[in-house]
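Structural overview for review
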Amino acid sequence: MRIAIIGAGGHGKVVADAVRARGKEILAGFLDDAAQFAGRVVAGATVLGGVATWSRHDIDGLVPAIGDNRTRRDVVLRVTAEGARLVSVVHPDVTISADARIKAGATILARAVVNIDTEIGENVIINTGAVIEHDCVIGPHVHIAPGSCLAGNVTVGEGAFLGIGSRVIPGVRIGAWAVVGAGAVVTKDVPDGATVVGVPARRLR
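Note that residues are indexed from 1 along each chain, following the sequence as it is written. Selection of residues for local features in this predicted model requires a pLDDT of at least 70, selection of side-chain atom pairs for listing and counting requires 80 or more, and totals for whole chains, interfaces and linings are taken over all residues. Only hydrogens and water are set aside when side-chain values are computed; all heavy atoms of the structure are taken into account.

1. Observations regarding the packing of aromatic side chains
Note on aromatic pairs: the rings of Phe, Tyr and Trp (six-membered ring only in Trp) are paired at centre separations within 6.5 Å, and the planes decide the class, stacked below 30 degrees, edge-to-face beyond 60, tilted for the rest. By the definition in use, this model includes 0 aromatic pairs. One residue, Arg 70, lies across the ring of Trp 177, its end atom 4.1 Å from the ring centre. Counting as a charge over the ring demands two things of the Lys NZ or Arg CZ atom: a distance within 6 Å of the ring centre and an angle within 35 degrees of the ring normal.

2. Remarks on the sheet that holds strand β9 (residues 107-108)
Taking strand neighbours across the sheet as the criterion, the 8 strands line up as β6-β9-β12-β15-β18-β21-β23-β24 in an open arrangement whose pairing is mixed. In the strand order of this sheet, the two ends are held by β6 (89-90) and β24 (202-203), each with one partner. The pairing of strand β23 (residues 195-197) with β24 spans 2 bridges and is classified as antiparallel. Paired with Val 196 across the strands is Arg 203, a residue of β24. Pairing between two strands is assigned when DSSP locates at least 2 bridges connecting them. Only DSSP runs of H or I covering at least 4 residues are called helices, and only runs of E covering at least 2 are called strands; the numbering of each starts at the N terminus.

3. A word on helix α2 (residues 69-81)
For α2, which comprises 13 residues, the first-to-last C-alpha distance of 18 Å matches the rise-based estimate of 18 Å (1.5 Å per residue) to within 8%. Listing the buried residues of α2 in full gives Asn 69, Arg 72, Arg 73, Val 75, Val 76 and Val 79. Residue contacts are defined here by distance: any two heavy atoms, one from each residue, within 4.5 Å place the two residues in contact. Where α2 is buried, its residues touch β1 (2-6), β5 (61-64), β12 (125-126), β15 (143-144) and β18 (161-162). Residues adjacent in sequence count toward polar contacts only when both atoms are side-chain atoms; beyond that, a polar contact is any pair of N or O atoms within 3.5 Å, and within protein one must be able to donate a hydrogen and the other to accept it. The N-capping residue of α2, defined by a side-chain oxygen 3.4 Å from the backbone nitrogen of Arg 70, is Asp 68. To estimate how far a helix should reach, multiply one less than its number of residues by 1.5 Å. Residue burial is assigned from relative accessible area. The probe radius is 1.4 Å, only protein chains are included, and a residue is buried under 20% of its type maximum, exposed over 50%, and partly exposed in between.

4. Focus on the sheet that holds strand β7 (residues 95-96)
Sheet strands pair by backbone hydrogen bonding; their relative direction is either parallel or antiparallel. Here 6 strands make up an open sheet; going across it, the order is β7-β10-β13-β16-β19-β22 and the pairing parallel. Strands at the two margins of the open sheet, each flanked by one partner only, are β7 and β22 (185-186). Strand direction decides the pairing type here: β7 and strand β10 (residues 113-114), joined by 2 bridges, are parallel. Bridging across to β10, Ile 96 finds its partner in Val 114.

5. What to know about the pairing of strand β4 (residues 45-49)
Relative to β4, strand β2 (residues 26-31) runs parallel, the two being bridged by 2 bridges. Across the sheet, the residue bridging to Leu 31 is Gly 49, located in β4. By the bridge criterion, 2 bridges tie strand β3 (residues 41-42) to β4 in an arrangement that is antiparallel. Its bridge partner lying in β4, Val 41 is registered against Thr 46. Linking β3 to β4, which pair antiparallel, is a turn of 2 residues; within it Ala 43 sits at a positive phi near 50 degrees.

6. Considerations on the pattern of salt bridges
Just to be clear on terms, a salt bridge is a Lys or Arg side-chain nitrogen sitting within 4 Å of an Asp or Glu carboxyl oxygen. Under the definition given, this model contains 7 salt bridges. Arg 101 is paired through a salt bridge with Glu 119; the nearest N and O atoms lie 3.8 Å apart. Remark: Glu 119 occurs in strand β11 (residues 119-120) and Arg 101 occurs in strand β8 (residues 101-102); sequence separation between them is 18 residues. The class for Arg 101 is partly exposed, based on a relative accessible area of 41%. Each of Arg 101, Lys 103 and Glu 119 takes part in one network of salt bridges that share partners.

7. A short note on the environment of Ile 6
With respect to the element layout, Ile 6 can be found in strand β1. Taking the relative accessible area as the measure of exposure, Ile 6 reaches 2% and is therefore buried. For the pair Ile 6 and Arg 72, spaced 66 residues apart in sequence, the C-alpha to C-alpha distance is 8.8 Å. Those residues within four positions of Ile 6 in sequence are excluded, and the remaining contacts are Leu 31, Val 51, Leu 62, Val 63, Pro 64, Ala 65, Ile 66, Val 75 and Val 79.

Right, dumping it as structure tokens:
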């Protein structure tokens with residue numbers, strides 16, 4: 001399968017590295033609208049053009065690799081409406097239960113753990129070294145940053161962002177489009193759209 005990565009920035013390079021480590025797909029190149037990337041070679045692959053050009057290239061699927069959740073969601077909704085197929089990339093150096101469910105367009109990066117009966121939604125980033133314990137539900141367009149740890153039965157709503165090294169105790173719900181700051185320890189539910197920081201996490205807005 002020939003795939004292209006949407007986004008040629010830092011996260012896109014990490015995803016490209018995961019694709020090479022897998023050795024199952026051919027990386028045809030990147031798609032990125034930023035003028036700074038036009039025609040460049042990034043992580044050994046050429047930037048083929050803007051995102052809107054995806055159908056002009058010899059590719060079978062697209063991998064979203066934009067760190068900002070809203071931007072990534074908007075791009076994914078656009079290309080899938082145009083008929084693009086989303087492809088998930090799972091680095092070979094991960095631990096994933098055979099009973100976990102992973103939807104299209106997810107990226108799960110090196111040393112991450114996804115445990116039994118967990119669901120990973122569409123277009124989700126599970127970044128390097130993150131741990132998602134049993135029975136978690138991760139909604140679409142979420143980004144779980146490196147080194148974060150979710151205990152069992154945690155629910156993360158659409159588009160939420162959990163910062164690097166954050167911790168969430170069992171049974172907590174993180175609301176849609178909420179932000180959990182780096183290193184925060186979440187001990188109670190976080191409302192939709194809220195930002196929480198600290199140990200224990202407290203609401204900023």
